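Okay, here's what each chain looks like letter by letter:
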Amino acid sequence: MYIIGFVALGLIAIAIYFFILRPLTPLLLLKLKLGDKAILMFNPINGVIGLLMNSIKKNHDAMETIYSALRRNPNAKVILSNLIYKPCIVLTGSEYIRDSFLEHHNFEKMNPFQIKSYMQKGLVFSEGDRWKRQRNFLGSAFTFEKLKSRIPMMNLVVEDIVQKDSKKNLNEFISRMTGEIVIKSFFGDLAEGFQLEGKDAQLALIDLTGSMSQIQFENPFIFIKSLIFKERMWDIFPSQKEKDIVRRVDNVKMKVKEMILKRIEQLRQNPIQDKNKMVFLDLYVTEYLQQQSQQKEQLIDIEEIIHQFTTLFFVGTDTTATAIGTCLYYLAKYPEIQSEILEEVQEVIGQNEIKEEHLNKLVKINALIQEVLRFKNPSYSTIFRVVKNDTQLQEIKLKKGWALIQMQNASHTQEKYFDGATEFNYKRWLNKQKQVKNDNGYIYIPFGAGPRNCIGQHMAMMESKIIIALLVRKYKILLNPEVQQQIRFGIKFLYILEPDNCLLFEKRI
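Under an unreviewed UniProt entry, the name given to the protein is Cytochrome P450, and the source organism is Paramecium primaurelia.

Within this structure, the stated rule accounts for 31 salt bridges. A salt bridge links Glu 197 to Arg 248; its shortest N-O distance comes to 3.9 Å. A residue pair is termed long-range when its members are at least 10 positions apart, and Glu 197 in the loop between β5 (195–196) and β6 (199–200) and Arg 248 in helix α11 (residues 240–269) qualify at 51 residues. Using a relative accessible area of 10% as the deciding quantity, one classes Arg 248 as buried. Salt bridges sharing partners connect three or more residues here, namely Glu 197, Asp 207, Asp 244, Arg 247 and Arg 248.

Core analysis: the largest hydrophobic core is formed by 156 residues, its most contacted members being Leu 83, Phe 187, Leu 328 and Leu 503. Counting residues per element, this core draws most heavily on helix α13 (residues 302–333), which supplies 16 residues. Those residues within four positions of Leu 503 in sequence are excluded, and the remaining contacts are Lys 167, Leu 170, Gly 325, Leu 328, Tyr 329, Ala 332, Ile 477, Leu 478, Leu 479 and Asn 480. Of all hydrophobic cores here, the second largest spans 23 residues; its members include Leu 27, Ile 89, Ile 97 and Val 387.

So, about the layout of surface pockets. Considered as a void within the structure, the largest pocket measures approximately 460 Å³ in volume. Lining the largest pocket are 24 residues, and of these Asn 171, Ile 206, Asp 207, Gly 210 and Gln 214 sit closest to its centre. Take the lining of the largest pocket: its biggest share by element is 10 residues, from helix α9 (residues 201–218). A class-by-class count of the residues in the lining of the largest pocket yields eight nonpolar, eight polar and eight charged. Taken as a whole, the second largest pocket spans an internal volume of roughly 310 Å³. In terms of lining, the second largest pocket is formed by 20 residues, of which the most central are Asp 61, Tyr 330, Phe 375, Lys 376 and Phe 489. Those elements that provide at least two residues to the lining of the second largest pocket are α3 (64–72), α13 and β12 (488–492). Here the lining of the second largest pocket is built from residues that sort into nine nonpolar, four polar and seven charged.

Glancing now at the packing of aromatic side chains. The geometry of an aromatic ring pair is captured by the separation of the ring centres together with the interplanar angle, meaning the angle of the planes. Within the structure shown, the criterion is met by 25 aromatic pairs. Ring geometry for Phe 101 versus Tyr 442: centroids 6.4 Å apart, planes at 35°, classification tilted. Of this pair, Phe 101 sits in helix α4 (residues 94–102) while Tyr 442 is found in the loop between β10 (403–406) and α17 (457–474), placing the two residues 341 residues apart along the sequence. Comparing Phe 101 with Tyr 442, the two get one shared label, buried. Measuring from ring centre to ring centre gives 5.8 Å for Phe 187 and Phe 194, while their planes differ by 75°; the resulting arrangement is edge-to-face. The buried category is assigned to Phe 187, whose relative accessible area is 2%. For Phe 194, a relative accessible area of 6% translates into the label buried. The ring of Phe 173 is capped by Lys 167, whose NZ or CZ atom sits 5.7 Å from the centre of that ring. Its guanidinium or amino end placed over the ring of Phe 489, Lys 376 lies 4.7 Å from that ring's centre, counting from NZ or CZ.

Conventions we followed
- Residues numbered from 1 in each chain as written.
- Predicted model: local features only at pLDDT ≥ 70, side-chain atom pairs only at ≥ 80, totals over all residues.
- Heavy atoms only, no water.
- Salt bridge = Lys/Arg side-chain N within 4 Å of Asp/Glu carboxyl O.
- Helix = DSSP H or I, 4+ residues; strand = E, 2+ residues; numbered from the N terminus.
- Buried < 20%, exposed > 50% of the residue type's maximum accessible area, 1.4 Å probe, protein only.
- Core = buried A, V, L, I, M, F, W, Y, C linked by side-chain atoms within 4.5 Å.
- Contact = heavy atoms within 4.5 Å.
- 1 Å grid on protein atoms, 1.4 Å probe; cavity = no way out; pocket = protein on both sides within 12 Å on 5 of 7 lines; lining within 4 Å.
- Points joined across faces, edges and corners; volume = space filled by probe spheres on them.
- Nonpolar A, V, L, I, M, F, W, Y, C, P; charged D, E, K, R; others polar.
- Phe/Tyr/Trp six-rings, centres within 6.5 Å; stacked < 30°, edge-to-face > 60°.
- Lys NZ or Arg CZ within 6 Å of the ring centre and 35° of its normal.

Here's what the structure looks like:
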């Protein structure tokens, strides 16, 4: 009996050291050093994720606890928290965020999915020479001049899905559009009839990425496994749900590989000479075939092309769809704004399809999007990082293995940077005067900044304008009175509007 008691006490002591004393001690020392430049928000075991979840319950908004703390202490530059057993430094000061962006090679991204061979070779998670090669290769394909050829396709996708979708699930409705646009931009005509497990491919992929991220938020055991074992987590006492996710990932890869091999054979027989007519897959396959024919080092392989597709789908579907859904929410919440947006759409576009020359004239829609990205940007931070080696960031000595969060939205609700910062006011962006006060270039960065900024920002803005304009023209957007009191901004990897049935679409006469 005594032995069992001693063992239990020993285990408790180890847990206290590992989950409390070990991460808390360096945070307390940093707080003493930084004074009011730091806010201590330690949360045993649950850490910063627990802070976000508790804020949802208390404020109906995952970010409000942090934003309120920063408004109370406008001198704060960092929040000192934890990620389970790791000290976690949340950067909120723009100069700290700037330095971390510019010195990005010192920090390794934490893969939110931690699953083998899914996105690791894609642009987002590549490092060093591989990342430089991919960024240079894709960079020219994401300019407005190259993307504008997709505008007719975007019109058709929106019109088609508007007709077919029930519009009862906001996230699914908008994600079907953004997902199909990404798939058609990548695969072109090969995307026709593209299905996975009996569903339209974009719905199956959206569900899969959601399942991979949500399982870690919902299950603390799985989240701890992901931090400790990383990609091996799926092999350590896997639940049936985890096994199912791995199976679905394998099926996606197999189907995408079949399509890539088919395109390789097509372009081997009939190469495309005009790069302006190439979809993303054609760019990759053409380069792949050139490397083979010239017996160059095979820098691009089929596995990388698969990873690039899953990466572009992930970054180009959910984030854009969530931002659009939030724009629609504010149009429903403020009918006077919706009337002003509708008036602009009728003046600029009328009943025609949207063309290139219309996009720059949709200044009110652009202002609406900018205000949503200021107020409720789905990418409230970049992907969480881990410090690779001991490194200095301003006056903070970051230790190898610590977690780092670049909270790029942190300045957006502070009066020293924006007038009326806690109020939604899209008209601020219609004013030709500079909107950001005390700006060092890193206050309002909705698509990130530095060398690893979002490569797809032009495409995201283009899609957003087209989808919002076509939906407002066709529907009056309303808050669903049955769930109006339940509306909140939660976390499902992204900072997202909930519940999914919070909006109604009433057809205009």
